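Breakdown of the fold
The chain contents come next:
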Amino acid sequence: LQNIKIGVKTFIPMIFLLVMVLLSGMATVLNTQTIMKSSKEITNIHFPNVYYFQELNNNFAQLQRITFEHCLAEDDSVKRELEAELDRIYLENETVMQTLANSAMQDDTKVMYAEFSASYEEFVVAVTEAITLSAQGKVSEASHYANTVVADIASELTVTIEEMVISSQLAMKEELQI
């Protein structure tokens, strides 16, 4: 190093610094891209799924409320209004479920969603039975059916929805751990 000119001696550390800055910049860009990819996945997949799961959960509470109100209603016009509201929520659920069926999910969430879909069909049949009994004037049978069968299936569905929400939230946390 003693035979090297002063200009070269000052140039070597500058080149070293330049190489370090370039390597640091490349690492930063790569990390930023990874963060952006994770953010997009959270924003486009997991967060909407959690929203849809919560929407289904709210709709199940509404469906149960409508079923119980139908059993207690004495006026046929009120029962018809409740049946129209029931149909509206069924359509909303079908749209949400179709969206979820077409969305990307973790494997464990897909399994839970398949179980949920099967239980949902049972729930619709149970609600329809309770509404039919109520419309036929069999109020005590309808109320009993709503309080037992409908409530039990709704309870199972709510637990499954909560498990799907937790699964999606865990997937979001995993995405954040880069």
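In case you missed it, the structure is sitting above this.
An account of the accompanying structure is given in this report. (Residues numbered from 1 in each chain as written. Predicted model: local features only at pLDDT ≥ 70, side-chain atom pairs only at ≥ 80, totals over all residues. Heavy atoms only, no water.)

Thoughts on the nonpolar core
Ranked by size, the top nonpolar core spans 38 residues in total, and within it Phe53, Leu56, Phe60, Tyr113, Phe116, Phe123 and Ile161 carry the most contacts. Take this core: its biggest share by element is eleven residues, from helix α3 (residues 107-135). Excluding residues that lie within four positions of it along the chain, tyrosine 113 makes contacts with Phe53, Met97, Leu100, Ala101, Met105 and Met164. (Core = buried A, V, L, I, M, F, W, Y, C linked by side-chain atoms within 4.5 Å. Buried < 20%, exposed > 50% of the residue type's maximum accessible area, 1.4 Å probe, protein only. Helix = DSSP H or I, 4+ residues; strand = E, 2+ residues; numbered from the N terminus. Contact = heavy atoms within 4.5 Å.)

Re the packing of α3 against helix α4 (residues 139-176)
Contact pair α3 / α4: the axes reach a minimum separation of 9 Å and the direction vectors enclose 160 degrees. The angle between α3 and α4 places the two elements in the roughly antiparallel class. For the element pair α3 and α4, the recorded crossing hand is left-handed. Counted by class, the contact of α3 with α4 contains 19 nonpolar, six polar and five charged residues. (Axes fitted to C-alpha atoms, helices over the stretch in contact; angles between N-to-C directions. Parallel < 35°, antiparallel > 145°, perpendicular 65-115°, else oblique. Left-handed = near helix turned anticlockwise from the far one by under 90°. Nonpolar A, V, L, I, M, F, W, Y, C, P; charged D, E, K, R; others polar.)

A closer look at a nonpolar patch on the surface
On the surface, Phe11, Ile15, Phe16, Val19, Met20, Leu23 and Met26 cluster together into a nonpolar patch covering about 700 Å² of accessible area. By the secondary structure assignment, leucine 23 is in helix α1 (residues 6-72). Of the residues examined, leucine 23 reaches a relative accessible area of 49% and is grouped as partly exposed. (Patch = residues over 30% accessible without salt bridge, like charges linked within 9 Å, V, L, I, M, F, W, Y side chains within 5 Å. Areas by Shrake-Rupley, 256 points an atom, 1.4 Å probe, with all protein chains shown as cover. Salt bridge = Lys/Arg side-chain N within 4 Å of Asp/Glu carboxyl O.)

Some remarks on the environment of leucine 86
Here leucine 86 shows up in helix α2 (residues 76-101). Taking relative accessible area as the criterion, leucine 86 reaches 5% and is therefore assigned buried. In this structure, the C-alpha to C-alpha distance between leucine 86 and asparagine 59, residues 27 residues apart in sequence, is 9.7 Å. Once residues within four sequence positions are removed from consideration, leucine 86 is found in contact with Leu63, Ile66, Val127 and Ile131.

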